[in-house]
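# What the coordinates show
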Amino acid sequence: METREITCIGCPLGCLVTVTLEQGRILEVTGNTCQKGRSYAEKEVKSPMRMVTSTVRVEGGSQKLVPVKTRTEIPKDRIFVCMKEIRELVAAAPVMVGDVLIADVAGTGVAVVAARTVAVRSKQEGNNGL
């Protein structure tokens, strides 16, 4: 038998939830104050998922970087592959909030999207700061 303790992030209470497993099967979930805690703990044990946020370099933009995020959660074990793809990307200005910069990151079927607009660098800005 195995037990795992997980701090729930389903609501502001942050309950310490204990999941008891036997041969990969969940036997018991305790410590949760609400149903969200139970659901979160079961999901975290079976198939942990995470949102990924980062930045992407922008060529010719008024800013050097644009913040990006995965549109939905991806499997936790795909984060390093996701980050490798994000690090290799260079977006061309202009970039609009919501633009899909990677359609299928790390083979997850999830898009990486811009979280802010970055305009084209004006002539007045020149190469200052870029």
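Just above sits the structure.
This is a predicted model, so every value here is computed, not measured.

Time to look at the sheet that holds strand S5 (residues 53-59). The strands making up a sheet associate through backbone hydrogen bonding, with each pair oriented either parallel or antiparallel. Strand order in the open sheet made by the 5 strands is S8-S5-S6-S10-S9, with mixed pairing throughout. Here the strands that pair on one side only, and so sit at the sheet edges, are strand S8 (90-92) and strand S9 (100-102). Neighbour-to-neighbour, the strand axes of the sheet open up by a mean angle of 45 degrees, direction not taken into account. In this structure, strand S6 (residues 65-70) lies alongside strand S10 (residues 112-114), joined through 3 bridges in antiparallel fashion.

Taking strand neighbours across the sheet as the criterion, the 3 strands line up as S1-S2-S3 in an open arrangement whose pairing is antiparallel. Each having just a single partner strand, strand S1 (2-7) and strand S3 (25-30) make up the two edges of the open sheet. Taking the axes of each pair of neighbouring strands and ignoring which way they run, one obtains an average angle of 25 degrees across the sheet. One ladder, built from 6 bridges, connects S1 with strand S2 (residues 16-22); its direction is antiparallel. When the sheet's bridge partners are listed, threonine 7 is paired in S2 with leucine 16.

Val56, Val66, Cys82, Ile86 and Val95 are the most contacted members of the largest nonpolar core, which totals 20 residues. Of all elements in the fold, only S5, S6, helix H2 (79-88) and S10 reach the threshold of two or more residues within this core. Each residue touching valine 66, except ones within four places of it in the same chain, is listed here: Ser54, Thr55, Val56, Val58, Val95, Leu101, Ala114, Arg116 and Val118. Judged by nonpolar contacts, the second largest core, of 11 residues, contains Cys15, Val17, Leu21 and Ala41.

Under the defined criterion, the tally for this structure stands at 5 salt bridges. In this structure, the salt-bridge partner of glutamate 73 is lysine 43, at a minimum N-O distance of 2.9 Å. Residue glutamate 73 is found in the loop between S6 and strand S7 (74-75), and its partner lysine 43 is found in helix H1 (residues 35-46); the two are separated by 30 residues along the sequence. Classification of glutamate 73 as partly exposed rests on a relative accessible area of 32%. The exposure class of lysine 43 is partly exposed, given its relative accessible area of 41%.

Before going further, it helps to spend a moment on the side chain of threonine 20. Tracing the backbone through its elements, the reader meets threonine 20 in strand S2. Residue class for threonine 20 comes out buried when judged on its relative accessible area of 10%.

What counts, and at which threshold
- Residues numbered from 1 in each chain as written.
- Predicted model: local features only at pLDDT ≥ 70, side-chain atom pairs only at ≥ 80, totals over all residues.
- Heavy atoms only, no water.
- Pairing = 2+ DSSP bridges.
- Helix = DSSP H or I, 4+ residues; strand = E, 2+ residues; numbered from the N terminus.
- Axes fitted to C-alpha atoms, helices over the stretch in contact; angles between N-to-C directions.
- Core = buried A, V, L, I, M, F, W, Y, C linked by side-chain atoms within 4.5 Å.
- Buried < 20%, exposed > 50% of the residue type's maximum accessible area, 1.4 Å probe, protein only.
- Contact = heavy atoms within 4.5 Å.
- Salt bridge = Lys/Arg side-chain N within 4 Å of Asp/Glu carboxyl O.

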